[in-house]
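Summary of structural features
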Amino acid sequence: MTSTESLIDRRQLAYIASQAADARLNIELETEGMTLNIGPQHPATHGTLRIIAHLDGEQVVWAEPSCGYMHRGYEKLTEVRTYPQVTSLVNRIDWLGSFANEVPFILAAEKLMGIEAPPRAQWIRTILFELSRIANVSLFLGDLGVQLGAITPVFMAFRDREHVLNLIEATTGGRFHPNFDRIGGLKDDLPAGFIDETRAVMKTLRNFCTEIEDLLFGNEIFQSRTRGIGVIPKDIAMQYGLSGANARASGIDWDLRRDQSLPMAWDKVDWKVWTHPDGDSFARCWIRLQEVRESTRIVDQLLDNIPTGPIMAKVPRIIKVPEGEAWVSTENPLGEMGYYVVSKGDLGPFRTKIRSASFNNISIVPWILKGVYVPDIITILASLYFILGDIDR
Amino acid sequence: MSSTDTPIAEIPGDTLRERIVADLRTKIGADLVDSLVKPGDDVWVRVSTEAWRRTGVALREMGFEYFCFLSAIDWMPSPFGKGEDDPTAPPVERDDTVKQGYAGGETRMQVLARLVHPTLHVGINIKCDVSDSEPVVESWVSVFAGANWHEREAHEMFGIGFAGHPDLRNMYLPGEFEGHPLRKDFPLLARLVKPWPGIVDVEPMPGGSADEEGDAE
């Protein structure tokens, strides 16, 4: 362990030294600065994020993301909708893991109403939550390759992710926007044959993880492009509110599935929270790979003992949520996703603050891009992993 | 690389939350105006406007190092209701009394932030009043660097100023945009032109509860 640590230290020191040497050279040569616009349409940005980078030679002097190309004003729109209608809006925040967006909002409303979904609904919610995590993060693993110049992984990702989307579609009727969670339970029960099918798919996904690990994570080019690049220390990660895999890659042992009590089924099964001490791009990607594996384990165990019973608690036909304020956040594929719901006893929320993971995760970009080389911008952005809808809301 | 086998962390109890409030009171004294510990749920504190930044520093020293979010709430009821009115009909009379939520308040606008203790796994919601005539509070950027973007968002959406913020540019909206969209008196124009028809649209619930429980309306 000590030898690997010192190796990583040496690599980081070499990287910093080379940067310093280049900076000196630039001063001696009196180079001229240049502004580079990355985006709003760029393959590396998953949408319409624009990065304005001021360069000195190959190095970034400062960089600043420019958001708002996809701002849809969901916080305002929730104020004119009823509670059951809000789920169709929040579906579109992180569009790769849509079901996971609905859950914290529904849980917040249930908390204010003082009701809890029946055990069977909690179980199915957790299964669908983990399936959306797998669908989301497996695409990241494939996409990661493309951004670093490897074409094959993305085809493998799309091939195997398709099976997960089929499962979500079979259950909810929607591949991307399930809109399936209801206050008090779920819209429907699982379809026939779901359990056997899911087991087979989880096996496929584990094979996919092994394939990606061998092909990408073991690749020397991949390693040299990600190791020691974009190191985020623990205290900086905390200050910027980084969450999810980005925080765990900086050594923060923090997972909302384990560290809070929610009416979900995560505490009923055996799984691990992975952390990594390095805080570099490689660590962030590696954590996500392990997360997909753990998710398949969670789903497998949950399938073993789904409780029988109703899938809907008794709720009135017209839902009025009592006056109060509630905060519920869950560990979404991208990180901590939370809703601060203020109710005035009305049909819809009075105010909803949507705390999305990518907004905080990407706010570190001006800090982290300072002094890196141009190709590393892509590596760092890819490894921070954001969804545009999750930044702009 | 490591993994943790620690069992489900101990769920933070109400005694812990009360102790946090007491600790904060010893640190900032009378600037802690009001507090609420909701049993088994969460904790809210309200501090005076002058002590906003000091509260951030005090809480960080107490171990609340994780910055979760910062935003604001406009407590004025919307003069447009839920946008379900017929635009041709005469305007409806609405109750316009400003009523604040947990931990009270005196002003229409309040700043709201949340910090989390990363090892105790407990969070705290902090509020402070923002005066109507001069809506400015001290910036948290020097305490939590991550507050930068959140304050920019709150500034453009609510028109709240953050003294000491390095760069309060608009986050989402174009620079010349007029008004503050998340304020309640900012109309949602799409709803004023055509009222939202979906406000009464309720789908029947599975499980047959619709027949027995009866309509609330």
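Just so it is clear, the structure is predicted and the values come from calculations on it, not from any experiment.

A word on the overall build of chain A. Each helix and strand in chain A was counted, giving 15 helices and nine strands. Taking 2.2 N^0.38 as the reference for a compact globule, 393 residues should give roughly 21 Å; the C-alpha atoms of chain A span a radius of gyration of 22 Å, in line with that estimate. Along the first, second and third principal axes, the C-alpha set of chain A runs to 75 × 45 × 35 Å. Per-residue burial over chain A gives 64% buried out of 393 residues. A fraction of 72% describes how many contacts in chain A between residues 6 or more apart in sequence connect residues 24 or more apart. About 13200 Å² of surface is accessible on chain A, with carbon and sulfur atoms providing 55% of the total. Here chain A contributes 41 positively and 49 negatively charged side chains, and the mean placements of these two sets differ by 5 Å.

Another aspect to go through is the packing of aromatic side chains. Residue and element names in this part refer to chain A. Counted by the stated rule, this structure contains 19 aromatic pairs over all chains. A cation over an aromatic ring shows up here: K344 above the ring of F350, its NZ or CZ 4.6 Å from the ring centre. Above the plane of the ring of F359 lies R393, whose end atom (NZ or CZ) is 5.1 Å from the centre.

The next point concerns helix α3 (residues 83-90) of chain A. All names here are of chain A. Among the eight residues in α3, six count as buried, and that is most of the element. Along α3, the positions that sit buried rather than exposed are Y83, Q85, V86, T87, L89 and V90. Contacts from the buried residues of α3 go to α2 (74-78), α4 (98-113), β4 (181-182) and β8 (335-343).

With that settled, the discussion passes to the environment of V47 of chain B. All names here are of chain B. By secondary structure assignment, the location of V47 is in strand β3 (residues 42-47). The exposure class of V47 is buried, given its relative accessible area of 1%. Sequence separation between V47 and D31 is 16 residues, and the spatial gap between their C-alpha atoms is 5.4 Å. Apart from residues no more than four positions distant in its own chain, V47 is found in contact with I28, D31, L32, V33, W52, T55, I126, K127, C128 and D129.

What follows is about the pattern of salt bridges. All names here are of chain A. Under the counting rule described, the total for this entry stands at 42 salt bridges over all chains. Taking the shortest distance from any N to any O, the salt bridge between R258 and D259 comes out at 2.8 Å. Taken as a pair, R258 and D259 share a single burial class, namely buried. Here the residues in one salt-bridge network are E130, R133, R248, D255, R257, E291 and E331, joined through shared partners.

Residue and element names in this part refer to chain A. Two elements in contact, helix α5 (residues 119-147) and helix α14 (residues 374-384), have axes whose closest approach is 10 Å; the angle formed by their N-to-C orientations is 175°. With respect to each other, α5 and α14 are oriented roughly antiparallel. Here F140, L144 and Q147 of α5 lie close against α14, whose contacting residues are I378, A382 and S383.

Turning our eyes to something else, we now look at the sheet that holds strand β6 (residues 122-130) of chain B. All names here are of chain B. With mixed pairing, the five strands of this open sheet are ordered in space as β2-β3-β6-β5-β4. Sheet topology places β2 (32-38) and β4 (66-74) at the edges, where each strand pairs with a single neighbour. Within this sheet the neighbouring strands show an average axis-to-axis angle of 20°, counted without direction. The pairing of strand β5 (residues 109-117) with β6 spans nine bridges and is antiparallel. Bridge pairing in β6 places Q110 opposite D129. On top of the sheet, helix α1 (residues 14-28) reaches β2, β3 and β6; it is set at about 175° to β2, its chief contact. Sheet strands in contact with helix α3 (residues 147-158) are β4 and β5, and its direction is about 5° off that of β4.

This part is about the UniProt feature "domain: NADH-quinone oxidoreductase subunit D" (unreviewed entry) in chain A. Residue and element names in this part refer to chain A. Taken from the UniProt record, the annotation "domain: NADH-quinone oxidoreductase subunit D" (unreviewed entry) applies to residues 148-318 and 319-393. The distance separating the terminal C-alpha atoms of residues 148-318 is 51 Å; by composition the span is 50% helix and 4% strand. When the span residues 319-393 is considered, its composition is 35% helix and 31% strand, and the gap between its end C-alpha atoms is 25 Å.

Structurally, the position occupied by D255 of chain A is in the loop between α10 (245-248) and β6 (273-275). With near-sequence residues (within four places) excluded, D255 of chain A lies in contact with R248, W271, V273 and E331 of chain A.

With that settled, the discussion passes to the packing of α3 of chain A against α4 of chain A. Residues and elements named next belong to chain A. One can describe the packing of α3 onto α4 by two numbers: an axis separation of 9 Å at closest approach and a directional angle of 160°. In terms of orientation, α3 lies roughly antiparallel with respect to α4. Crossing of α3 against α4: the hand is right-handed. Where α3 approaches α4, its residues Y83, V86, T87 and V90 are matched on the opposing element by N101, E102, F105, I106 and A109. Across the contact of α3 with α4, the residue classes break down as six nonpolar, two polar and one charged.

Residue and element names in this part refer to chain A. The antiparallel open sheet is built from three strands, whose spatial order is β7-β8-β9. What marks the edges here is a single partner per strand, and that holds for β7 (324-332) and β9 (351-355). Recorded for the sheet is a direction-independent mean angle of 10° between the axes of neighbouring strands. Relative to β8, β7 runs antiparallel, the two sharing nine bridges. Paired with V328 across the strands is Y339, a residue of β8. Sheet strands in contact with α4 are β7, β8 and β9, and its direction is about 150° off that of β7.

This brings us to the pairing of strand β3 (residues 59-66) of chain A. Residues and elements named next belong to chain A. For β3, a buried count of six out of eight residues is recorded, marking the element as mostly surrounded by other parts of the structure. Across seven bridges, the pairing between strand β2 (residues 50-56) and β3 is antiparallel. Bridged to H54 within β3 is W62. Count of turn residues in the β2/β3 antiparallel hairpin: two residues, of which G57 carries a positive phi of about 65°.

Glancing now at the nonpolar core. L369 of chain A together with W52, L70, L115, I124, I126 and W140 of chain B are the most contacted members of the largest nonpolar core, which totals 91 residues. Filtering out sequence-adjacent residues up to four positions away, L115 of chain B remains in contact with L59, F64, Y66, F67, V122, G123, I124, I126, W140 and F144 of chain B. With 89 residues, the next largest nonpolar core counts L190, A265, L302 and L334 of chain A among its residues.

Trans is the prevailing form of peptide bonds, just as negative phi is the prevailing case for residues other than glycine. The backbone phi angle of Y385 of chain A is positive, close to 55°, even though this residue is not glycine. Relative to the helices and strands, Y385 of chain A resides in the loop between α14 and α15 (388-392). Non-glycine residue H121 of chain B carries a positive phi angle of around 55°. Relative to the helices and strands, H121 of chain B is located in the loop between β5 and β6.

Rules and cut-offs
Residues numbered from 1 in each chain as written. Chains lettered and ligands numbered in written order. Predicted model: local features only at pLDDT ≥ 70, side-chain atom pairs only at ≥ 80, totals over all residues. Heavy atoms only, no water. Helix = DSSP H or I, 4+ residues; strand = E, 2+ residues; numbered from the N terminus. Rg over C-alpha atoms; globule rule 2.2 N^0.38 Å. Buried < 20%, exposed > 50% of the residue type's maximum accessible area, 1.4 Å probe, protein only. Contact = heavy atoms within 4.5 Å. Areas by Shrake-Rupley, 256 points an atom, 1.4 Å probe, with all protein chains shown as cover. Lys, Arg positive; Asp, Glu negative; His and termini not counted. Charge placed at Lys NZ, Arg CZ, Asp CG, Glu CD. Phe/Tyr/Trp six-rings, centres within 6.5 Å; stacked < 30°, edge-to-face > 60°. Lys NZ or Arg CZ within 6 Å of the ring centre and 35° of its normal. Salt bridge = Lys/Arg side-chain N within 4 Å of Asp/Glu carboxyl O. Axes fitted to C-alpha atoms, helices over the stretch in contact; angles between N-to-C directions. Parallel < 35°, antiparallel > 145°, perpendicular 65-115°, else oblique. Pairing = 2+ DSSP bridges. UniProt positions renumbered as here; feature names shortened; annotations may be inferred. Left-handed = near helix turned anticlockwise from the far one by under 90°. Nonpolar A, V, L, I, M, F, W, Y, C, P; charged D, E, K, R; others polar. Core = buried A, V, L, I, M, F, W, Y, C linked by side-chain atoms within 4.5 Å.

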